[in-house]
Amino acid sequence: MSVPVAGGNALAPVAILLVEDDEVIRRSVAMALERYGYRVTSAGDGLTGLELFREGGHDLLLLDVMLPELDGIGLCRRIRETSTAPILMMSARGDTLDVVSGLEAGADDYVVKPVDTAVLVARIRSLLRRATFAPTSAPADPAVAAAGSAVRLLDRSARPDQSDPRHQRTRLLFGDLTIDTAGLEVYLVGEPVALAPTELRMLLEFAAHPGIVLDRQTLLRNVWDYGWDGDTRVVDLCVQRLRRKIGAERIETVRGFGYKLRR
């Protein structure tokens, strides 16, 4: 898998940071991903993984939960302090505590070890598609769509130009919440809100259906790009994170059915 390099036609492999303490698993996963064309950088503990992450240049992070020095949950939290890069957690047990803790820390998705390579690659491709912020369609090659560092933090110094007619055509207003669907920026009371790719995809999905209840399977299909039944806990935890950023009252729970964005 490759992505275009800015300023030229050359392609660069999608870069994945793999942090896994088991050497056998680390090598086998890295080799499997490299066979699919990904460029993999590996670390055996959380602190080394954090140092490699800070060096930059990674399009996606694949983190084990149980790590020495700094566990995967703590590493995920540290990464989320400065980055919205896609994060996929790996759990040896798939326990509810592991899953919930990882998703609450800011992970976008998780897989249970041992994981089939085809399943892992499918999850990675899905995350890369989400990272492009394309709410209506996905390019044929999701790795190309990732465009290296498609994920970005919002510029906190930016403000929407209310006089720009292009802005008028692309902004959606929900009270003091403004969603710029062209610039892919979100403002709350005029202040920019930094959202992770999955959070932004979910908000765009809600905004496209204001006042309409969306069930968890619909959100899994349209936001997580799952062609199969995924774990609906990822939906609930993403809703919680989104509520913390835009206001808990904006997304209403309709018990037994799903969620809706209040008009």
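Residues numbered from 1 in each chain as written. Predicted model: local features only at pLDDT ≥ 70, side-chain atom pairs only at ≥ 80, totals over all residues. Heavy atoms only, no water.

What am I meant to see in the nonpolar core here?
One broad trend across soluble globular proteins is that nonpolar side chains are buried collectively. With 51 residues, the main nonpolar core has Leu63, Met89, Met202 and Val235 as its most contacted residues. Here this core takes 7 residues from helix α10 (residues 233-246), the largest share from any one element. Setting aside anything within four residues of it in sequence, one finds Leu63 in contact with Val19, Gly72, Leu75, Cys76, Ile79, Ile87, Leu88, Met89 and Met90. (Core = buried A, V, L, I, M, F, W, Y, C linked by side-chain atoms within 4.5 Å. Buried < 20%, exposed > 50% of the residue type's maximum accessible area, 1.4 Å probe, protein only. Helix = DSSP H or I, 4+ residues; strand = E, 2+ residues; numbered from the N terminus. Contact = heavy atoms within 4.5 Å.)

Honestly, the sheet that holds strand β4 (residues 39-43) in this entry has me stumped. Any pointers?
Through backbone hydrogen bonds, the strands of a sheet pair up, either in parallel or in antiparallel fashion. Pairing in this open sheet of 5 strands is parallel, and the strands run β4-β3-β5-β6-β7 from one edge to the other. If you trace the sheet from one side to the other, it starts and ends with β4 and β7 (109-112), each paired once. Geometrically, the sheet is characterised by an average inter-axis angle of 20 degrees between neighbouring strands, direction not taken into account. Here strand β3 (residues 15-19) runs beside β4; their pairing, made up of 5 bridges, is parallel. For Val19, the partnering residue across the bridge sits in β4 and is Ala43. (Pairing = 2+ DSSP bridges. Axes fitted to C-alpha atoms, helices over the stretch in contact; angles between N-to-C directions.)

Help me understand empty space enclosed by the protein, please; the structure alone is not making it clear to me.
To find leftover empty space, a probe the size of one water molecule is rolled over the atoms. According to the stated counting rule, one finds 2 cavities of 30 Å³ or more in the structure shown. Size it by volume and the second largest cavity reaches roughly 50 Å³. If you go around the second largest cavity, the residues you meet are Val65, Met89, Ser91, Asp98, Val99, Gly102, Leu103, Ala107, Asp109 and Tyr110. At the level of secondary structure, the elements contributing two or more residues to the lining of the second largest cavity comprise β6 (87-91), α4 (96-104) and β7. With 4 residues, α4 is the largest single contributor of residues to the lining of the second largest cavity. (1 Å grid on protein atoms, 1.4 Å probe; cavity = no way out; pocket = protein on both sides within 12 Å on 5 of 7 lines; lining within 4 Å. Points joined across faces, edges and corners; volume = space filled by probe spheres on them.)

No statement about biological role is implied by the geometric values presented.
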